[in-house]
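Summary of structural features
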Amino acid sequence: MRAPASAIRRDWPSTGEARRLGALLGLLAMAALALAGCKGRGQRRREGVRPPSPVRVAQAQRRTVPVQLKALGTVESLATVSLRSQVTGQLVKVHFKEGDEVEVDQVLFELEPRPFELALAQAQATLARSEVLAQNARIEEHRYAPPAKSGMASQLDYAARVATRRAAEATVRENAAAVDNARVNLNYATLRSPIAGRTGNLLVHPGNLVQANSSTPLVVIRQLNPIEVSFSVPARHLSEIRRLQEQSGPLRVAAAIPGEQGYEEGSLRFIDNAVDAATGTILLKGSFDNPRRALWPGQFVNVTLLLRQLSDTVVVPSAAIQQGQQGPFLFVVQPDSTVQLRQVRTGPILRDLQAVAGVRVDERVVIDGQLGLVPGGRVQVKQEPAPRGLGGAGGQ
């Protein structure tokens, strides 16, 4: 038996009631999902699950690493000459310009030569007169020798002739020395460079009277090629430096000018004979060929003394090394994208690379993003350019 239509319409809700019921059910479903999500996050926090930490990594590689000592050095001339006149006279000519490069025995100054020429001529005339007197004294001695031997002449007169001859010969030697001295003074009137180098400021000009051995030099000449660099290193390295110097010859030294690219190469030529007790350092000097005049006297340079080479050494970027209470450490990324804290021993530095012991070649180490990392924590490698000198790892 069928129910009346009016009864059916009363059993089902109206259209508006259905919409309200659907909205209510949707709100209840959303609340249930939100509650489940909060419960899941809370459960994950309680279980210690953390999102991966973003990091940058690089692979450890094998390199040849130099063992070096670094110091601040001063460039010095191997030879510095303050040129002074050894005679007094008027300066008449200068044969160079300030700052010129001069060679050995090159004429630099000329004094008025005439006074020295006249002194030489006078000394030569005196010498000639004394030589004539000496010749006459020898003749007199020879003339008195036979009569004195036969007894016809007094022995006293003969002895007087001998004394006169000896005095005359001594006078000749004295006057000959005066001639040599006058000739030397004439040579001193022309001043030549004793070394090859670069001239400095000209302190005396033509027309001035130059005093012999004056406290003010005419010019200062400094040798520029070769040149040397002096520097000091801690005395604890002295034994090793001397041993390596004896075994393999002069050690290599590099000098770099601050703020400029490149460096100059030289060799260790001098080890001081005593340690500076006040500083605990030993003074060393390196010799450099300086054809380009890159090194200049008085200049400060960064010096690197190469002791030896460590071949097949594992290196990582210096940024990977962290310092802890137990010493240096780093984070190694495992194949499952977790990190392992690894204690390491550090060695020499090659530019921005650090030699380490305790890391295998091709292991990936964290070079950025170490803050907040914990052993066993998960990481996500960022895709960024590889650091200079080592290959970086790509993103996962």
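Check the entry above for the structure.
None of the values given here were measured: they were computed from a predicted structure.

**Considerations on the pattern of salt bridges**
This model, assessed by the stated rule, comprises 17 salt bridges. Notably, a salt bridge pairs arginine 198 with glutamate 101, separated by 3.7 Å at the nearest N-O pair. Placement of the pair is arginine 198 in strand β8 (residues 197-199) and glutamate 101 in strand β5 (residues 101-102), with a sequence separation of 97 residues. Note on arginine 198: relative accessible area 30%, which makes it partly exposed. With a shortest N-O distance of 3.5 Å, glutamate 265 and arginine 252 are connected by a salt bridge. Note that glutamate 265 is positioned in strand β13 (residues 264-271) and arginine 252 in strand β12 (residues 252-256), a separation of 13 residues in sequence. Judged by its relative accessible area of 46%, glutamate 265 is partly exposed. With a relative accessible area of 46%, arginine 252 lands in the partly exposed category. Here the salt bridges do not stand alone but share partners, grouping Glu76, Glu228, Arg269 and Lys285 into one network.

**Section: the sheet that holds β5**
Pairing within the open sheet is antiparallel, and its four strands lie in the order β3-β10-β8-β5. Bordering the open sheet on either side are β3 (80-83) and β5, each of which pairs with just one other strand. In this sheet, strand β10 (residues 219-222) lies alongside β8 in antiparallel orientation, the contact comprising two bridges. Within β10, the position partnered with arginine 198 by the bridge is arginine 222.

**Regarding the nonpolar core**
Core analysis: the biggest nonpolar cluster contains 25 residues, and Phe231, Ile241, Leu295 and Leu305 have the highest contact counts within it. For this core, the secondary-structure elements that each account for two or more residues are β2 (61-77), β11 (227-234), α5 (238-248), β12, β14 (281-288) and β15 (300-317). Apart from the residues within four sequence positions on either side, leucine 305 is in contact with Val67, Gln68, Leu69, Phe231, Ile241, Leu251, Arg252, Val253 and Leu284. Counting residues in each nonpolar core, the second largest holds 20 residues, with Leu91, Leu108, Val204 and Leu218 among its members.

**Side note on the packing of helix α3 (residues 114-150) against helix α4 (residues 155-188)**
It is the contact of α3 with α4, at a shortest axis distance of 7 Å, that shows an interaxial angle of 160 degrees. By the angle class used here, α3 and α4 are roughly antiparallel. Considering the relative orientation of α3 and α4, their crossing is left-handed. Residue composition of the contact of α3 with α4, grouped by class: 20 nonpolar, eight polar and eleven charged.

About the cut-offs
Residues numbered from 1 in each chain as written. Predicted model: local features only at pLDDT ≥ 70, side-chain atom pairs only at ≥ 80, totals over all residues. Heavy atoms only, no water. Salt bridge = Lys/Arg side-chain N within 4 Å of Asp/Glu carboxyl O. Helix = DSSP H or I, 4+ residues; strand = E, 2+ residues; numbered from the N terminus. Buried < 20%, exposed > 50% of the residue type's maximum accessible area, 1.4 Å probe, protein only. Pairing = 2+ DSSP bridges. Core = buried A, V, L, I, M, F, W, Y, C linked by side-chain atoms within 4.5 Å. Contact = heavy atoms within 4.5 Å. Axes fitted to C-alpha atoms, helices over the stretch in contact; angles between N-to-C directions. Parallel < 35°, antiparallel > 145°, perpendicular 65-115°, else oblique. Left-handed = near helix turned anticlockwise from the far one by under 90°. Nonpolar A, V, L, I, M, F, W, Y, C, P; charged D, E, K, R; others polar.

Shape descriptors only; they carry no functional weight alone.
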